[in-house]
Amino acid sequence: PLNLKGTFWETGKLYEKSQDGPNILDADSDDLTGDLLRVLDESSDAIRSQELAFAIESGQYGKASRLLRGGIISESRLRVSANALMDLIPEEREEYVVSSSEAFRAFISRWDELDAEVEGASRRIRGEDPRMVILTTLGEADGSLVDFAKIVR
């Protein structure tokens, strides 16, 4: 067997796994909440980026999929940050714990729907033009992420 410890094969390209993992926090910062909120804000900005919108509008669904899957947005960083922010909510503010959890689940649902639509569009040969559906879902995903961010702020 091959000794590929820390090496992964994905999309036909061999690459080495980073030893550091995703860098969510600014090493010089003492503001944990601020750092975690920054990840949400950067992700929301990336969802609204011209590069992603252009890829979808021009029918470059493979490129859009790559952008959504780590190109300009890191779902793992987003999930880690969101979960950490929810963990920072004091237990005596239970209503915020519940509403933030529901809001993040709504975002993840939209995100999964967006991913499926873009992936499906990249494989579609003929049929309806999926651009408007994808752009609408993209806007809904951003809206749900913004709603979550408002709750945890």
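Keep in mind that what you see is a predicted model, and the values were worked out from it rather than measured.

Would you take a moment to explain the overall build of the chain for this structure?
Looking only at helices and strands, one finds six helices and two strands in the chain. For the chain, the succession of helices and strands along the chain, N to C, is β-β-α-α-α-α-α-α. Evaluated residue by residue, the chain yields a buried proportion of 33% over its 153 residues. Residue pairs at least 24 apart in sequence account for 64% of intrachain contacts in the chain once pairs closer than 6 positions are excluded. Element-wise, carbon and sulfur atoms account for 50% of the exposed surface of the chain, whose accessible area totals about 9,900 Å².

Help me understand a negative patch on the surface in this model?
A cluster of acidic residues, Glu91, Glu92, Glu94 and Glu95, forms a negative patch at the surface. Summarising the element assignment, Glu92 is placed in the loop between helix H4 (75-88) and helix H5 (94-123). Glu92 gets classed as exposed once you look at its relative accessible area, which sits at 68%.

It is not clear to me how the environment of Asp41 should be interpreted in this structure. Could you clarify?
Its place among the elements puts Asp41 in helix H1 (residues 32-47). It is 9.8 Å that separates the C-alpha atoms of Asp41 and Leu78, two residues lying 37 residues apart in sequence. For Asp41, the side chain forms a polar contact with the side chain of Arg153, separated by 2.4 Å.

Looking at this structure, I do not really get H4. What am I missing?
Within an α-helix, residues lying three or four positions from one another point in the same direction, as the helix has 3.6 residues per turn. Spanning 14 residues, H4 covers 20 Å between terminal C-alpha atoms, matching the ideal 20 Å at 1.5 Å per step. Where the residues of H4 are buried, they touch H1, H5 and helix H6 (131-152).

Looking at this structure, I do not really get the pattern of salt bridges. What am I missing?
Pairing of side chains with opposite charge becomes possible as their charged atoms draw close. Going through the model one piece at a time under the given rule, you end up with 10 salt bridges. Notably, a salt bridge pairs Glu42 with Arg38, separated by 3.4 Å at the nearest N-O pair. Highlighted residues: Glu42 and Arg38, both in helix H1, separated by four residues, approximately one helical turn. Across the salt bridge formed by Arg153 and Asp41, the nearest N and O atoms sit 2.4 Å from each other. Of the two residues, Arg153 is situated in the segment after H6 and Asp41 in helix H1; the sequence distance between them amounts to 112 residues.

Looking at this structure, how should I read the nonpolar core?
It is characteristic of soluble globular proteins that their nonpolar side chains tend to be buried jointly. Leu40, Phe107 and Phe148 are the most contacted members of the largest nonpolar core, which totals 33 residues. Listed by contribution, the elements that provide at least two residues to this core are H1, helix H2 (50-57), helix H3 (61-71), H4, H5 and H6. Top contributing element to this core by residue count: H5, with eight residues.

Can you walk me through the packing of aromatic side chains in this structure?
Counted under the stated rule, the structure contains three aromatic pairs. When the centroid spacing of 5.1 Å and the interplanar angle of 50° are considered together, the rings of Phe104 and Phe148 count as tilted. One end of the pair, Phe104, is in helix H5; the other, Phe148, is in helix H6, with 44 residues separating them in the sequence. Judged by relative accessible area, which is 5%, Phe104 ranks as buried. Their ring planes at 35° and their centres at 5.7 Å tell us that Phe107 and Trp111 sit as a pair that is tilted. Linking Phe107 with Trp111, this pair stays in helix H5, spanning four residues, or about one helical turn. Here the two residues Phe107 and Trp111 agree in accessibility, since each one is buried.

Basis of the calculations
Residues numbered from 1 in each chain as written. Predicted model: local features only at pLDDT ≥ 70, side-chain atom pairs only at ≥ 80, totals over all residues. Heavy atoms only, no water. Helix = DSSP H or I, 4+ residues; strand = E, 2+ residues; numbered from the N terminus. Buried < 20%, exposed > 50% of the residue type's maximum accessible area, 1.4 Å probe, protein only. Contact = heavy atoms within 4.5 Å. Areas by Shrake-Rupley, 256 points an atom, 1.4 Å probe, with all protein chains shown as cover. Patch = residues over 30% accessible without salt bridge, like charges linked within 9 Å, V, L, I, M, F, W, Y side chains within 5 Å. Salt bridge = Lys/Arg side-chain N within 4 Å of Asp/Glu carboxyl O. Lys, Arg positive; Asp, Glu negative; His and termini not counted. Charge placed at Lys NZ, Arg CZ, Asp CG, Glu CD. Polar contact = N/O pair within 3.5 Å; in protein donor to acceptor, adjacent residues only side chain to side chain. Expected span 1.5 Å × (residues − 1). Core = buried A, V, L, I, M, F, W, Y, C linked by side-chain atoms within 4.5 Å. Phe/Tyr/Trp six-rings, centres within 6.5 Å; stacked < 30°, edge-to-face > 60°.

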